[in-house]
Amino acid sequence: MSAIVFDIGANDGNSSFPIVNAYKNVTVYAFEPTPTLLPRLENMQKSCERFKLFPCAVSNVEGFINFNLNIGDEWVGVGESGHGGTNSVYAIQRKEFSHCKVGKTIEVPVIRLEKFIDDHSEINQIDYFHCDVQGLDLEVLQGLGKHLSKVKRGCLEMPLNYNTRIYPDQKYDCADAVRFLHENGFIVDRIDRNDDHVCEVNIYFSRLDENKRVKSVRWSPITPEDIWVRSRLG
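Residues numbered from 1 in each chain as written. Predicted model: local features only at pLDDT ≥ 70, side-chain atom pairs only at ≥ 80, totals over all residues. Heavy atoms only, no water.

(A) Local environment of the sheet that holds strand β2 (residues 26–31). Pairing within the open sheet is mixed, and its seven strands lie in the order β3-β2-β1-β7-β8-β10-β9. In this open sheet, the two strands that pair with only one neighbour each are β3 (51–54) and β9 (186–193). Pairs of neighbouring strands in the sheet enclose a mean axial angle of 20°, with direction left out of account. As judged from the six bridges shared by strand β1 (residues 3–8) and β2, these two strands associate in the parallel manner. Bridge assignment links Asp 7 to a residue of β2, and that residue is Ala 30. Contacts from helix α5 (residues 174–183) reach β8 (153–159), β9 and β10 (200–207) within the one sheet, and its direction differs from that of β9 by about 155°. (Pairing = 2+ DSSP bridges. Helix = DSSP H or I, 4+ residues; strand = E, 2+ residues; numbered from the N terminus. Axes fitted to C-alpha atoms, helices over the stretch in contact; angles between N-to-C directions. Contact = heavy atoms within 4.5 Å.)

(B) Broad picture of unusual backbone geometry. One non-glycine residue, Asn 11, lies in the positive phi region at around 55°. With phi around 55°, Gln 134 is a residue other than glycine that occupies positive phi space. By the secondary structure assignment, Gln 134 is in the loop between β7 (128–131) and α4 (137–142).

(C) Quick peek at the packing of aromatic side chains. Counting across every chain of the model gives eleven aromatic pairs. Centroid distance Tyr 29 to Phe 116: 6.3 Å. Interplanar angle 85°. Geometry classified as edge-to-face. One end of the pair, Tyr 29, is in strand β2; the other, Phe 116, is in helix α3 (residues 113–119), and 87 residues separate them in sequence. For Tyr 29, a relative accessible area of 2% corresponds to the buried category. (Phe/Tyr/Trp six-rings, centres within 6.5 Å; stacked < 30°, edge-to-face > 60°. Buried < 20%, exposed > 50% of the residue type's maximum accessible area, 1.4 Å probe, protein only.)

(D) Representation of the pattern of salt bridges within the structure. Here the structure, examined in full by the defined rule, presents six salt bridges. One salt bridge in this structure joins Arg 190 and Asp 192, with 2.8 Å as the shortest N-O distance. Overall, the relative accessible area of 44% leaves Arg 190 in the partly exposed class. Residues participating in the shared-partner salt-bridge network are Arg 112, Glu 114, Asp 118 and Lys 146. (Salt bridge = Lys/Arg side-chain N within 4 Å of Asp/Glu carboxyl O.)

(E) Here's a closer look at the confidence of the model for the protein. Per-chain confidence: the protein averages 81 in pLDDT, with 74% of residues scoring 70 or above. Ignoring residues within four places in sequence, the model shows residues 74–83, a span with pLDDT below 50, making 26 contacts including any to other chains. Here residues 229–234 is a poorly scored stretch, pLDDT under 50, and it has nine contacts once near neighbours within four places are set aside; other chains count. (pLDDT = per-residue confidence, 0-100.)

(F) Quick peek at the environment of Val 178. Tracing the backbone shows Val 178 in helix α5. On the accessibility criterion, Val 178 (23% relative accessible area) is partly exposed. For Val 178 and Phe 205, which are 27 residues apart along the polypeptide, the C-alpha to C-alpha distance reads 9.1 Å.

Shown next as structure tokens:
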């Protein structure tokens, strides 16, 4: 049986190409809305039937959404084509990344994964869920709805805290993601910094075996996490 990997915000395939090339029993579902990145992804799809490309954004809504193509992107290289890792629904407004500016705004389709999986009945389990969508990672997880339980393990990118957000319009931070994961049957395996400025972190998580879960435990009125959340809102 083929394992299934979701790569949300696939960029140029840097995360998913090595997986699909190294493991013959893995099928990758890749989601990427940036037009300049699609040709390379399309070539992979043509050469490997286990790589399935969907040229759209992913969130907890359906329809169309404005999408910013940035220039001066340090993650992929400086250029005028609007390619790179910081293309996003939200505009960057942080001094550490002031060189990344919106070059063009386009409209792209956006989907919820709950409906996507409803329409793809072959997806019974998501063995690994990689999400890097520049400010909407938790919304992507929320959009899984009733299919969230299909995810076995994964990684998402979040601001370290409210004050380190690269995208000021972003709603959630690391504490929000940890709470959501805990309340939905996951444990956090580790949290690593994502950039030199320590603005964002990668949260690695996995589903907790229901036999090991203490079902009677509830969040107390005030927890260390609550103190953290309240202090960041000041």
